[in-house]
Amino acid sequence: MTYDRLLRDAATALSAAGIDNVRFEARLLLARAAGLSVEQLVAHGAEAAPAPVAAGLRALTARRVRREPMAYILGEREFWGLPFKVSPAVLVPRPDSETVIETVLALMPARAQPLRLLDLGVGSGCLLLTLLREYPNATGIGLDASEAALAVTEGNAQALGVAARARLVRGDWRLPDWEKALAGPFDLVVSNPPYIEASAIDRLMPEVARFEPREALDGGPDGLAAYHRIAAAAAALVAPGGHLVVEAGEGQAIEISRIFESAGLAVGSPRKDLSGIDRVVHAQQ
Ligand code: GLN
């Protein structure tokens, strides 16, 4: 079978599973199975593919047909133009979360400062490690409750060349005095905390509901549990004049702003993502 034929068959199987962008995804899966770049594939389209490539593609396609996220199948996802390794221990980095980075860069335009950063629920590290790249003299702590997630963060910190400026700490904001181990305060605290209402998780798209780590999604009965914890610790964690910048779920920005105001923070207007949803809430100590 030719590469083109394998590509068509994979796209047909993905389409039957209700997936969009099937040509695009099939091409990425075939490139992975063949060990070629997508550009090389195009050049080889009419040639016969070796049998192991066909078998490899079938195995990868079967995973995607079960709605496993592409990022877990390929093992990486780009965020802010940087390659992040991912595993099912971490949330897949999303373009929405780039709004957190944009917000920070707008709030703190001086890039050379020796800032102290904290990322609560660091996961893949897409927020913290991107910020360490953008602020070359900053140092940062990444907190996560999951050891497996921190192993992914560490690998990404190494690969992105910022490991010497990142300290990763295991910790859980559901426990009392969790913020004490972090030795604040920080100039900037960022977080994309779990914010899905617990009862709504099973209704999310299967890629999310079945494969992404529940502890990174589950925001408790109203989705806001993590924001209450973060607000309660803000006095200890955010330095005077420092910033708190968090991602918000759709429709949550007003509630989160109220929670932060009640904790004595000065809250700014939310920043919208590319879909026009109020995606990021920022506040100052
Ligand atoms: N953005 C994710 C989603 O909508 C949720 C991430 C989170 O809970 N922080 O699927």
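The coordinates are above.
Residues numbered from 1 in each chain as written. Predicted model: local features only at pLDDT ≥ 70, side-chain atom pairs only at ≥ 80, totals over all residues. Heavy atoms only, no water.

Caption draft 1: Looking closely at the packing of helix α1 (residues 3–16) against helix α4 (residues 51–65). Interhelical geometry of α1 versus α4 gives an angle of 15° and a closest axis separation of 10 Å. Judged on the interaxial angle alone, α4 and α1 are roughly parallel. α4 is crossed by α1, and the crossing has right-handed handedness. Taken together, the residues of α4 that come into contact with α1 (itself represented by Tyr3, Leu6, Ala10, Ala13 and Leu14) are Val53, Ala54, Leu57, Thr61, Arg64 and Val65. (Axes fitted to C-alpha atoms, helices over the stretch in contact; angles between N-to-C directions. Helix = DSSP H or I, 4+ residues; strand = E, 2+ residues; numbered from the N terminus. Parallel < 35°, antiparallel > 145°, perpendicular 65-115°, else oblique. Left-handed = near helix turned anticlockwise from the far one by under 90°. Contact = heavy atoms within 4.5 Å.)

Caption draft 2: Here's a closer look at the pairing of strand β2 (residues 82–85). Along β2, the buried face is formed by Leu82 and Phe84; none of Pro83 and Lys85, which line the opposite face, is buried. Direction of pairing for strand β1 (residues 76–79) relative to β2: antiparallel, over a ladder of four bridges. What sits directly across from Phe79, in β2, is Leu82. What sits between β1 and β2 in their antiparallel hairpin is a turn of two residues, with Trp80 showing a positive phi close to 55°. (Buried < 20%, exposed > 50% of the residue type's maximum accessible area, 1.4 Å probe, protein only. Pairing = 2+ DSSP bridges.)

Caption draft 3: The arrangement of the side chain of Ser97 in detail. With respect to the helices and strands, Ser97 occurs in the loop between β2 and α6 (98–107). Take Ser97: its relative accessible area is 2%, and that puts it in the buried class. Within polar-contact distance, the side chain of Ser97 engages the side chain of Glu247 at 2.5 Å. Beyond its immediate stretch of four places on either side in the chain, Ser97 contacts Phe79, Leu127, Asn192 and Glu247. (Polar contact = N/O pair within 3.5 Å; in protein donor to acceptor, adjacent residues only side chain to side chain.)

Caption draft 4: Spotlight on the site of the ligand. Around the ligand, a shell composed of Leu91, Arg94, Asn192, Pro193, Pro194, Tyr195, Ile196, Val208, Ala216 and Leu217 is seen. Asn192 has a polar side-chain atom sitting 2.8 Å from a nitrogen atom of the ligand. Tyr195 places a side-chain nitrogen or oxygen 3.0 Å from a nitrogen atom of the ligand. In the complex, the protein chains occlude 88% of the 300 Å² of accessible area that the ligand would expose alone. Class assignment for the residues of the shell around the ligand results in eight nonpolar, one polar and one charged. (Near = heavy atom within 4 Å. Areas by Shrake-Rupley, 256 points an atom, 1.4 Å probe, with all protein chains shown as cover. Nonpolar A, V, L, I, M, F, W, Y, C, P; charged D, E, K, R; others polar.)

Caption draft 5: Quick look at the pairing of strand β4 (residues 139–144). Burial analysis of β4 places five of its six residues in the buried class, which makes it a mostly covered element. Here five bridges tie strand β3 (residues 116–120) to β4, and the two strands are oriented parallel to one another. In the sheet register, Leu117 faces β4, and the bridge partner there is Gly140. With respect to chirality, the unit in which β3 leads through helix α7 (residues 126–134) into the neighbouring parallel β4 is right-handed. (Right-handed = clockwise from strand over helix to strand, strands pointing away.)

Caption draft 6: The arrangement of unusual backbone geometry in detail. Gly184 connects to Pro185 through a cis peptide bond whose omega is 5°. Residue placement: Pro185 occurs in the loop between β5 (166–170) and β6 (186–191). Of note, the phi angle at Asn21 is positive, near 55°, even though the residue is not glycine. Mapping Asn21 onto the fold places it in the loop between α1 and α2 (22–34). The class for Asn21 is exposed, based on a relative accessible area of 57%. Not every positive phi belongs to a glycine, and Asp177 is a case in point at roughly 60°.

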